[in-house]
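Here's the letter readout for the chains.
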Amino acid sequence: MNLTVTERACRQKVPCKRNNQLIIGGILLAVILLLAIFAPLVVPNDPYVSDPANKYASPSLKYWFGTDNIGRCIASRTILGAHTSLVYASVILCSILVISLILGVLSGYFGGAADALIMRMTDVFLALPAPVIALAIAGALGPSAKNLIIAMVLTSWGDFTKLVRGMVLEVKEKDFIMAARASGFSHRKIIFHHIFTNVFPPILILATLEMGKIILAIAGYSFIGLGAQPPTAEWGVMISDAKNYIQVQPQLILYPSAAIIVTVASFNLFGEGLKKFISRGIINESN
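Residues numbered from 1 in each chain as written. Predicted model: local features only at pLDDT ≥ 70, side-chain atom pairs only at ≥ 80, totals over all residues. Heavy atoms only, no water.

### Some details on the overall build of the chain
Looking only at helices and strands, one finds 12 helices and zero strands in the chain. Along its sequence from the N terminus, the chain presents helices and strands in the succession α-α-α-α-α-α-α-α-α-α-α-α. Projected onto its principal axes, the C-alpha positions of the chain cover 75 × 50 × 30 Å. Intrachain contacts of the chain at a sequence separation of at least 6 include 71% that bridge at least 24 residues. Carbon and sulfur atoms provide 67% of the accessible area of the chain, an area that totals close to 14,800 Å². (Helix = DSSP H or I, 4+ residues; strand = E, 2+ residues; numbered from the N terminus. Contact = heavy atoms within 4.5 Å. Areas by Shrake-Rupley, 256 points an atom, 1.4 Å probe, with all protein chains shown as cover.)

The structure is reproduced here in structure tokens:
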């Protein structure tokens, strides 16, 4: 019977070693995700309503992190920024995974003309630098979060497709795949019950680590005006708005920057911890 890596790890009777990266990353991610999901309910103030009489206000019970240059609540904008950034990043990552899994499996499993066509198409998109595509789309359609998502998906799915193809090429030569073919299993059953179950764990690790890079990229593009546009509560937009006041009001840039650092670090910690957990299961299985 072909077991997934996670199932094999769970069935091993080996000493349990604490995985601090997985635990700490998981706790931080849980807090961030809960804040992002329930952001509209937990923000202390309306993040888009300005209070000119209280601009640059110090932290208080009403304004937890103070207010910005036009009197908007920094805490509310930072919390809602988590919702905005994670929604954008999730849409980008899910789109990349769907495209790369479909094309990578088709290319690696069937080979032949399908493999050649998909790989040539992948090489073309990999040759397109992401900043240039983002600028071209922004110039043709206008800068917006939607257009940024399109640009990032177009320039990012190629790497994942090649990784999936490589893993499929390795897995399809295993004995259990040969046995499934000899038993008369259909291609669909082999792909979904054997290929996907072995390819999914490493792809999950890569996707978790990639999430941090995507969040950084979104903030960077928004900072230079190619992504979300003011007055959207998004971390890159907040940093861009605050750059002119960094010498007199450094806290305006501190909170969104800290949010980006903590979020990216959380995804990286969780991804590395997940990598150790899954790798330990593979090593134990081989023993």
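### Points about the nonpolar core
One finds Ile92, Ile195, Val199, Ile215 and Ile218 to be the most contacted residues of the largest nonpolar core, which totals 61 residues. Ranked by residue count, the leading element in this core is helix α4 (residues 74–110), at 13 residues. Excluding residues within four positions of it along the chain, Ile195 makes contact with Tyr109, Val168, Val171, Lys172, Ile177 and Ile190. Val43, Ile79, Leu80 and Ala233 belong to the second-largest nonpolar core, a separate cluster that totals five residues. (Core = buried A, V, L, I, M, F, W, Y, C linked by side-chain atoms within 4.5 Å. Buried < 20%, exposed > 50% of the residue type's maximum accessible area, 1.4 Å probe, protein only.)

### Concerning the pattern of salt bridges
Tallying each qualifying case throughout the model produces five salt bridges. For Asp241, the salt bridge goes to Arg72, with nearest N and O atoms at 3.9 Å. On the criterion of sequence distance, the pair formed by Asp241 in helix α11 (residues 235–242) and Arg72 in the loop between α3 (39–42) and α4 is long-range, its members being 169 residues apart. Note on Arg72: relative accessible area 7%, which makes it buried. If you follow the salt bridges from partner to partner, you end up with Asp68, Arg72 and Asp241 in one network. (Salt bridge = Lys/Arg side-chain N within 4 Å of Asp/Glu carboxyl O.)

### Description of the side chain of Thr208
Looking at where Thr208 falls in the secondary structure, it is placed in helix α10 (residues 187–223). A relative accessible area of 11% places Thr208 in the buried class. Of the polar contacts made by the side chain of Thr208, one reaches the backbone oxygen of Leu204; its length is 2.8 Å. (Polar contact = N/O pair within 3.5 Å; in protein donor to acceptor, adjacent residues only side chain to side chain.)

### Observations concerning helix α6 (residues 130–141)
For the α-helix, the turn length of 3.6 residues means that residues three or four positions removed from each other point alike. The end-to-end C-alpha distance of α6, which contains 12 residues, comes to 16 Å, matching closely the 16 Å that a straight helix rising 1.5 Å per residue would cover. Those residues of α6 not exposed but buried are Ile133, Ala134, Ile137 and Ala138. For α6, the arc enclosing every buried residue in end-on projection is 130°, short of the 170-degree limit, so these residues lie on one face. What points out from α6, more than 90 degrees from its buried face, is the exposed set Leu135, Gly139 and Ala140. Check the buried side of α6 and you find it contacts α7 (145–154) and α10. (Expected span 1.5 Å × (residues − 1). Arc of directions from axis to C-beta.)

### Concerning the packing of helix α9 (residues 175–182) against α10
Remark: α9 packs on α10, axes separated minimally by 11 Å, with the N-to-C direction vectors making an angle of 175°. Taken together, the axes of α9 and α10 lie roughly antiparallel to each other. Two secondary-structure elements touch here, α9 through Phe176, Ile177, Ala180 and Arg181 and α10 through Ile190, His194, Ile195 and Asn198. In terms of residue class, the contact of α9 with α10 is built from five nonpolar, two polar and one charged. (Axes fitted to C-alpha atoms, helices over the stretch in contact; angles between N-to-C directions. Parallel < 35°, antiparallel > 145°, perpendicular 65-115°, else oblique. Nonpolar A, V, L, I, M, F, W, Y, C, P; charged D, E, K, R; others polar.)

### Regarding the side chain of Ser76
Residue placement: Ser76 occurs in helix α4. By relative accessible area, Ser76 is classed as buried at 0%. With residues up to four places along the chain from it excluded, the contact list for Ser76 reads Val43, Pro44, Asn45 and Pro47.

### Observations concerning the packing of aromatic side chains
Pairs of aromatic rings are described using the distance from one ring centre to the other and the angle between the two planes. Under the criterion given, the structure shown has five aromatic pairs. Each ring, one from Tyr109 and one from Phe110, has its centre 4.9 Å from the other, and the planes form 90°; the classification is edge-to-face. Geometrically, the ring pair formed by Phe192 and Phe196 is tilted, given 5.3 Å between the ring centres and 55° between the ring planes. Within this pair, Phe192 and its partner Phe196 are both found in helix α10, separated by four residues, close to a single helical turn. With a relative accessible area of 24%, Phe196 lands in the partly exposed category. Directly above the ring of Phe185 sits Lys189, whose terminal nitrogen or CZ lies 4.5 Å from the centroid. One Lys or Arg, Lys243, reaches over the ring of Phe223 and ends 5.8 Å from the middle of that ring. (Phe/Tyr/Trp six-rings, centres within 6.5 Å; stacked < 30°, edge-to-face > 60°. Lys NZ or Arg CZ within 6 Å of the ring centre and 35° of its normal.)

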